[in-house]
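Below, each chain spelled out in residue letters.
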Amino acid sequence: YIKRMPFNSPQSDFGAVPYEKGVLFLSARDQDLFIKYRDSDHSALEESDPSQSRLDLYYTYFQDTAYVKPEKLHDINTRFHEGPLTFYHTSKKVIFTRNNFNHHKKGTSKDGKIKLKLFFTDRNAENEWMDIESFAYNDDEYSTGHPALSMDDQVLYFSSDMPGGHGGSDLYFCQWQDGKWGAPINLGAE
């Protein structure tokens, strides 16, 4: 049966994935900066409307008889949206969605919109998130996001509104070949 988890908030909580002893998930709770989508495809943000808050990554786990209070992943979260994400099945490496914000710099498209991007990171022996790397097919002019991996970590699936698609946002995949991700292939109109 379906059961509501006790750590849910009145805001949006979704995108849960198993992580260490608990669960990692997206949430719009506890916001200190509010942002708003400026267009219908949700690719740009404006830092002014308190009615729409950003998404951050949170972690909680079960201890004794209850879940502990969810905490933000401060090494990954920025002042913009983070998530959804997926973990590699064979390592502590993760692929996550974030607004175009990397190395403390915001990137915008020619029309001033902040698009979504995919980023890679993994943890070192001290459980710190290492250098965050940008996906090779990110672009300031279109969004890439919402990653998923095949069970063998050799195929990356994601959504994008890159040129040449069938609609607003399409599903794509890339295959891991010769130490890098191959060119994105559209999954087709169906």
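Quantities reported herein were computed from a predicted structural model and do not represent experimental measurements.

**Student:** Quick rundown of the overall build of the chain? Include the residues and the values.
**Tutor:** In terms of helices and strands, the chain carries 0 helices and 18 strands. Within the span of the chain, comprising 190 residues, buried residues form 46% of the whole. Long-range pairs, those at least 24 residues apart, make up 42% of the contacts in the chain with a sequence separation of at least 6. Total accessible area on the chain is roughly 10900 Å²; 50% of this is exposed by carbon and sulfur atoms.

**Student:** Let's hear about the pairing of strand β5 (residues 56–63): which residues, and what values?
**Tutor:** Across 6 bridges, the pairing between strand β2 (residues 22–27) and β5 is antiparallel. Bridging from a neighbouring strand, L26 pairs with L57 of β5. Summarising the sheet, β5 and strand β7 (residues 71–72) pair through 2 bridges and their orientation is antiparallel. The residue bridging Y58 from the neighbouring strand is K72, located in β7. Between β5 and the antiparallel strand that follows it, strand β6 (residues 66–67), lie 2 residues; D64 among them carries a positive phi value of about 60°.

**Student:** Describe the confidence of the model for the chain, naming the residues involved and giving the relevant values.
**Tutor:** Caution is warranted with low-pLDDT regions, since their predicted coordinates should not be read in detail. This prediction gives the chain a mean pLDDT of 81; 85% of its residues lie at or above 70. When mean pLDDT is compared element by element in the chain, strand β15 (residues 155–160) scores highest at 97, while strand β3 (residues 36–37) scores lowest at 38.

**Student:** Outline the nonpolar core, listing residues and values.
**Tutor:** With 15 residues, the main nonpolar core has L24, L73, L85, F87, F96 and W129 as its most contacted residues. Taken together, the elements giving at least two residues each to this core come down to β1 (13–19), β2, β5, β8 (82–87) and β9 (94–99). Ranked by size, the runner-up nonpolar core spans 13 residues in total, among them I95, F135, F158 and C174.

**Student:** Before we move on, can you summarise the pattern of salt bridges with the specific residues and values?
**Tutor:** Taken as a whole and judged by the stated rule, the model has 5 salt bridges. When the shortest N-O distance is used, the salt bridge between R123 and E20 registers 2.3 Å. Of this pair, R123 sits in the loop between β12 (116–121) and β13 (133–134) while E20 sits in the loop between β1 and β2; the two residues are 103 residues apart in sequence, bridging distant segments of the chain. The class for E20 is partly exposed, based on a relative accessible area of 47%. D56 serves as the salt-bridge partner of K72, at 3.4 Å between the closest nitrogen and oxygen. Residue K72 is located in strand β7, and its partner D56 is located in strand β5; the two are separated by 16 residues in the primary sequence. Here K72 and D56 have matching classes, each one buried.

How each quantity is defined
Going along each chain's sequence as written, the residues are numbered from 1 onward. Local features in this predicted model are restricted to residues of pLDDT 70 or higher, and side-chain atom pairs are both shown and tallied only at a pLDDT of 80 or more, whereas totals for entire chains, interfaces and linings draw on every residue. Remark: hydrogens and water are excluded; side-chain values derive from all non-hydrogen atoms of the structure. The secondary structure listing takes helices from DSSP runs of H or I that are at least 4 residues long and strands from runs of E that are at least 2 residues long, numbered from the N terminus. A 1.4 Å probe rolled over the protein chains alone gives each residue an accessible area, and that area as a share of the maximum for its type sets the label: buried under 20%, exposed over 50%, partly exposed in between. Contact between two residues is taken to exist if any of their heavy atoms lie within 4.5 Å; hydrogens are not considered. Each accessible area is a Shrake-Rupley result for a 1.4 Å probe, and residues are judged covered by the shown protein chains and nothing else. At least two DSSP bridges between two strands are needed for those strands to be called paired. Note on scores: pLDDT gives the predictor's confidence for each residue, bounded by 0 and 100. By nonpolar core we mean a set of buried residues, namely Ala, Val, Leu, Ile, Met, Phe, Trp, Tyr and Cys, connected to one another through side-chain atoms within 4.5 Å. A carboxyl oxygen of Asp or Glu within 4 Å of a side-chain nitrogen of Lys or Arg is what we treat as a salt bridge.

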